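Descriptive structure summary
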Amino acid sequence: MNELSLGQQEYLQQHRKHQRIVRISRILILFSFLFLWEFTANVGIIDSFIFSSPSKIALCFWGMVLDRSIFLHTGITLYETILSFLFVTAIGILVAVTLWFSPKLSEILDPYLVVLNSLPKSALAPLLIVWLGATKTTIIVAGMSVAIFGSILSLYTSFTTVDSGKIKLIYTLQGTRMQALLKVVIPSSIPAIISNMKVNIGLCLVGVIIGEFLAARNGLGYLIIYSSQVFKMDWLLMSIVLLCIMAMLLYTLISLLGKWCDKHF
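Residues numbered from 1 in each chain as written. Predicted model: local features only at pLDDT ≥ 70, side-chain atom pairs only at ≥ 80, totals over all residues. Heavy atoms only, no water.

Structural notes on the side chain of Ser-189
Inspection of the secondary structure puts Ser-189 in helix H9 (residues 177-215). On the accessibility criterion, Ser-189 (1% relative accessible area) is buried. Look past the residues within four positions of Ser-189 in its chain and what remains in contact with it is Ser-158, Phe-159 and Val-162. (Helix = DSSP H or I, 4+ residues; strand = E, 2+ residues; numbered from the N terminus. Buried < 20%, exposed > 50% of the residue type's maximum accessible area, 1.4 Å probe, protein only. Contact = heavy atoms within 4.5 Å.)

Below, the structure written as structure tokens:
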């Protein structure tokens with residue numbers, strides 16, 4: 001193996017130092033915020049009944065761990081989010097491929113997709129409840145509605161901007177449109193698909209929470225709306241913290257999938 005030059009070694013050391021500084025700074029900001037929050041709540045600078053405190057949230061979480069209710073609420077929200085995300089990903093890719101195969105169809109549907117993507121999805125939730133009832137299906141569809149149209153538009157744009165020279169080469173070698181799709185378009189669009197998935201997982205979680213606000217008897221969204229009505233701020237803030245952690249973990253999993261795709265494709 002070739003030894004690294006002095007300049008390369010210095011660059012790697014500076015890069016590692018930069019990463020350490022970033023990690024330590026993030027941790028210090030988080031703990032400083034938690035300390036200030038706890039301190040101001042304990043000395044009465046802020047009202048702990050309204051703003052709660054980290055210690056109260058931790059005790060609330062531990063109490064719900066002991067009675068296992070938190071696993072029910074978290075598990076239901078996670079299940080609905082993952083299911084809506086998988087549907088959005090599959091349908092988005094399928095519809096985008098269909099539009100790529102038929103440019104005429106894409107021209108016809110383009111204004112409708114733009115309008116539906118721009119429509120505030122929270123306005124659809126009450127209508128979905130009337131159509132489908134207050135069930136998990138309604139919540140999953142609400143989660144899908146937030147992300148599906150933007151996903152289709154984003155993926156279709158990615159498919160149409162693939163290097164046209166590579167596609168012409170496929171046709172020159174007597175290849176079919178399906179071969180152009182499988183050999184050029186899809187492989188070239190994998191980074192865009194992964195990026196689209198990173199956006200969709202957060203949007204699906206937002207849609208699921210909107211659905212749970214209106215149509216659920218379990219889940220973190222239900223816990224948030226219920227705790228706000230009975231002024232249990234510990235429950236409300238704990239639910240928000242759990243949603244942040246859930247979103248971070250799901251995003252991290254998709255990022256790992258993206259790194260795996262980069263190595264194998």
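Describing the nonpolar core
For soluble globular proteins, the rule of thumb is that nonpolar side chains tend to be buried together. Among the nonpolar cores identified, the biggest contains 50 residues, and Trp-100, Val-185 and Met-238 are the most heavily contacted of them. Residue assignment for this core shows that the elements contributing at least two residues are helix H3 (54-66), helix H4 (69-101), helix H7 (136-160), helix H8 (164-172), H9, helix H10 (220-229) and helix H11 (233-264). Tallying contributions element by element places H9 first for this core, with 12 residues. Discounting chain neighbours no more than four positions away, the residues touching Trp-100 are Tyr-156, Phe-159, Thr-160, Ile-167, Arg-177, Ala-180, Leu-181 and Val-185. (Core = buried A, V, L, I, M, F, W, Y, C linked by side-chain atoms within 4.5 Å.)

Examining the side chain of Ser-52
Checked against the element boundaries, Ser-52 lands in the loop between helix H2 (48-51) and H3. Engagement of the side chain of Ser-52 in a polar contact is seen with the side chain of Asp-234, the distance being 2.4 Å. Dropping the residues within four chain positions of it, Ser-52 is found in contact with Trp-37, Ala-41, Asp-47, Ile-57, Asp-234 and Leu-237. (Polar contact = N/O pair within 3.5 Å; in protein donor to acceptor, adjacent residues only side chain to side chain.)

Thoughts on the environment of Ala-180
Checked against the element boundaries, Ala-180 lands in helix H9. It is 6.1 Å that separates the C-alpha atoms of Ala-180 and Ile-170, two residues lying 10 residues apart in sequence. Residues within four places of Ala-180 in sequence aside, it is in contact with Trp-100, Ile-167, Ile-170, Tyr-171 and Val-185.

Focus: the environment of Cys-261
For Cys-261, the position within the fold is in helix H11. Sequence-wise, Cys-261 and Pro-187 are 74 residues apart; in three dimensions their C-alpha atoms are separated by 9.9 Å. When neighbours within four sequence positions are excluded, Cys-261 is seen to be in contact with Ile-190 and Ile-194.

Examining the packing of H10 against H11
Two elements in contact, H10 and H11, have axes separated by 8 Å at closest approach and are oriented at 155 degrees. By the angle between their directions, the pair H10 and H11 is classed as roughly antiparallel. Here the hand of the crossing between H10 and H11 comes out left-handed. Touching Leu-220, Leu-223, Ile-224, Tyr-226, Ser-227 and Ser-228 of H10 are Met-233, Trp-235, Leu-236, Met-238, Ser-239, Ile-240, Leu-242, Leu-243 and Met-246, all from H11. Among the residues making up the contact of H10 with H11, the classes are represented as 12 nonpolar, 3 polar and no charged. (Axes fitted to C-alpha atoms, helices over the stretch in contact; angles between N-to-C directions. Parallel < 35°, antiparallel > 145°, perpendicular 65-115°, else oblique. Left-handed = near helix turned anticlockwise from the far one by under 90°. Nonpolar A, V, L, I, M, F, W, Y, C, P; charged D, E, K, R; others polar.)

Observations regarding unusual backbone geometry
Peptide bonds are trans in most cases, and residues, glycine excluded, mostly fall at negative phi. In this model, Arg-68 sits at a positive phi of 65 degrees, which is unusual for a non-glycine residue. Tracing the sequence through the fold places Arg-68 in the loop between H3 and H4. With a phi angle near 60 degrees, Phe-231 is a residue other than glycine that sits in the positive phi range. By the element assignment, Phe-231 lies in the loop between H10 and H11.

What to know about the confidence of the model for the protein chain
On average, residues of the protein chain score 87 in pLDDT, and 98% of them reach the 70 mark or higher. At the low end of the mean pLDDT range in the protein chain sits helix H6 (residues 124-132), at 80; at the high end sits H4, at 93. (pLDDT = per-residue confidence, 0-100.)

Considerations on the layout of surface pockets
Quantified by volume, the largest pocket comes out at close to 330 Å³. Residue lining of the largest pocket: 13 residues in total, with Leu-34, Trp-37, Ile-57, Val-241 and Ile-245 positioned closest to the centre. Here the lining of the largest pocket gets 5 residues from one element, more than from any other, and that element is H11. For the lining of the largest pocket, a count of residues per class yields 13 nonpolar, no polar and no charged. (1 Å grid on protein atoms, 1.4 Å probe; cavity = no way out; pocket = protein on both sides within 12 Å on 5 of 7 lines; lining within 4 Å. Points joined across faces, edges and corners; volume = space filled by probe spheres on them.)

Quick look at the state of the cysteines
What the rule picks out here adds up to 0 disulfides. The thiol sulfur of Cys-60 is not disulfide-bonded, and the nearest other cysteine sulfur, from Cys-244, lies at 16 Å. Judged by its relative accessible area of 12%, Cys-60 is buried. Between Cys-204, a cysteine without a disulfide, and Cys-244, which holds the nearest cysteine sulfur, the sulfur-to-sulfur distance is 17 Å. (Disulfide = S-S within 2.5 Å.)

Section: the packing of H4 against H10
The N-to-C vectors of H4 and H10 enclose an angle of 125 degrees; their axes lie 7 Å apart at closest approach. One element, H4, and the other, H10, form an angle in the oblique class. Between H4 and H10, the contacting residues are His-73, Thr-74 and Thr-77 on the first element and Leu-220, Gly-221, Tyr-222 and Leu-223 on the second. Here the contact of H4 with H10 is composed, by residue class, of 3 nonpolar, 4 polar and no charged.

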